[in-house]
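Observations on the three-dimensional arrangement
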Amino acid sequence: FCLSRGLGDVYKRQALEDARSDHDEDRLGQVLVRAGYLSDAQLTELLWEVTPQRRLGDVCLERGLLDREALFECLRQQTEGIFYRALLVGHGSFVFTTPDPKAPSAALSLHLPVRPLLMHGIQRLDEMELYRDVIPSGDVMLHPRADADVSSLESDAQRVFAMLDGATPLDAIAVAADLGEYEVTRIAYNLVKSRRATVGRRTGVDEDVLDALVDAFAAILEDIFTTIGRH
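Residues numbered from 1 in each chain as written. Predicted model: local features only at pLDDT ≥ 70, side-chain atom pairs only at ≥ 80, totals over all residues. Heavy atoms only, no water.

**Examining the overall build of the chain**
- Scanning the chain from N- to C-terminus turns up 10 helices and 5 strands.
- Each of the 231 residues in the chain was classed as buried or not, and the buried ones make up 32%. (Helix = DSSP H or I, 4+ residues; strand = E, 2+ residues; numbered from the N terminus. Buried < 20%, exposed > 50% of the residue type's maximum accessible area, 1.4 Å probe, protein only.)

**Considerations on the packing of helix α5 (residues 68-87) against helix α6 (residues 114-132)**
- One way to put it is that α5 packs onto α6 with a least axis distance of 9 Å and a crossing angle of 45°. With respect to α6, the axis of α5 lies oblique. Crossing handedness for the pair α5 and α6: right-handed. Contacts between α5 and α6 involve Glu 80, Phe 83, Tyr 84 and Leu 87 on the former and, on the latter, Leu 117, Leu 118, His 120, Gly 121, Arg 124 and Leu 125.
- Split into classes, the residues belonging to the contact of α5 with α6 amount to 6 nonpolar, 2 polar and 2 charged. (Axes fitted to C-alpha atoms, helices over the stretch in contact; angles between N-to-C directions. Parallel < 35°, antiparallel > 145°, perpendicular 65-115°, else oblique. Left-handed = near helix turned anticlockwise from the far one by under 90°. Contact = heavy atoms within 4.5 Å. Nonpolar A, V, L, I, M, F, W, Y, C, P; charged D, E, K, R; others polar.)

**Side note on unusual backbone geometry**
- Backbone geometry places Arg 195, a non-glycine residue, at a positive phi of 60°.
- With respect to the helices and strands, Arg 195 occurs in the loop between α9 (181-193) and β5 (197-202).
- A relative accessible area of 64% means that Arg 195 is categorised as exposed.

**A word on the side chain of Ser 137**
- Mapped onto the secondary structure, Ser 137 falls in the loop between α6 and β4 (140-144).
- In this structure Ser 137 comes out as buried when scored by relative accessible area, which is 15%.
- Within the structure, Ser 137 has its side chain in polar contact with the side chain of Asp 139 (distance 2.3 Å). (Polar contact = N/O pair within 3.5 Å; in protein donor to acceptor, adjacent residues only side chain to side chain.)

**Comments concerning the pattern of salt bridges**
- The tally for this structure, following the rule as stated, stands at 12 salt bridges.
- In this structure, Glu 154 engages Arg 186 in a salt bridge whose closest nitrogen and oxygen atoms are separated by 3.2 Å. Of this pair, Glu 154 sits in the loop between β4 and α7 (155-163) while Arg 186 sits in helix α9; the two residues are 32 residues apart in sequence, bridging distant segments of the chain.
- Classification of Glu 154 by relative accessible area gives partly exposed; the value is 39%.
- Here the residues in one salt-bridge network are Glu 45, Glu 49, Arg 54, Glu 62 and Arg 63, joined through shared partners. (Salt bridge = Lys/Arg side-chain N within 4 Å of Asp/Glu carboxyl O.)

In structure tokens form, the structure reads like this:
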């Protein structure tokens, strides 16, 4: 992230100028697909024309696929999405640095006030905590109910429901539906709560259980080596 700071009250005047990520769902192309400006096939075709000097946004403008205002809006959504997803990361590390003057500058510098971003981010954190009580992780598999009526659901929820088969984890469905972790978790939670789907098994290992087992074995091994050392 690149943050700017104006004069006066630091908290009120901070702004998010740029955010970068190497995660697939954070790429501009995926944002354009989710917004309906491109299809997956169009994106694949356009990426052949992208170079370090000619970015995807430039190619779209030249092709007349969207105007500058729409491109700016998609870049804003991309930057906000990276910011929000960073708040949901459970494990990792971070470092504060000053900008490197030799580093290449961003293609476009935004100016998004940090305060509303943080407020919205905190709301998402609260919601995710609620959702995780029912949908503990992305490796959960949901079973659709045969008698479920999905006609009143939003289009994204209908697409997710159509992919439920009791054997595909939510992470894979999120990729196929061009949705982020927050969006697909929210939809899955609402499908379960509205009794349109049920929670099935998980594909992965429960990290909390694994951590508890590792801690227990570590304590046992420590006792063994301490006993060996004494004798």
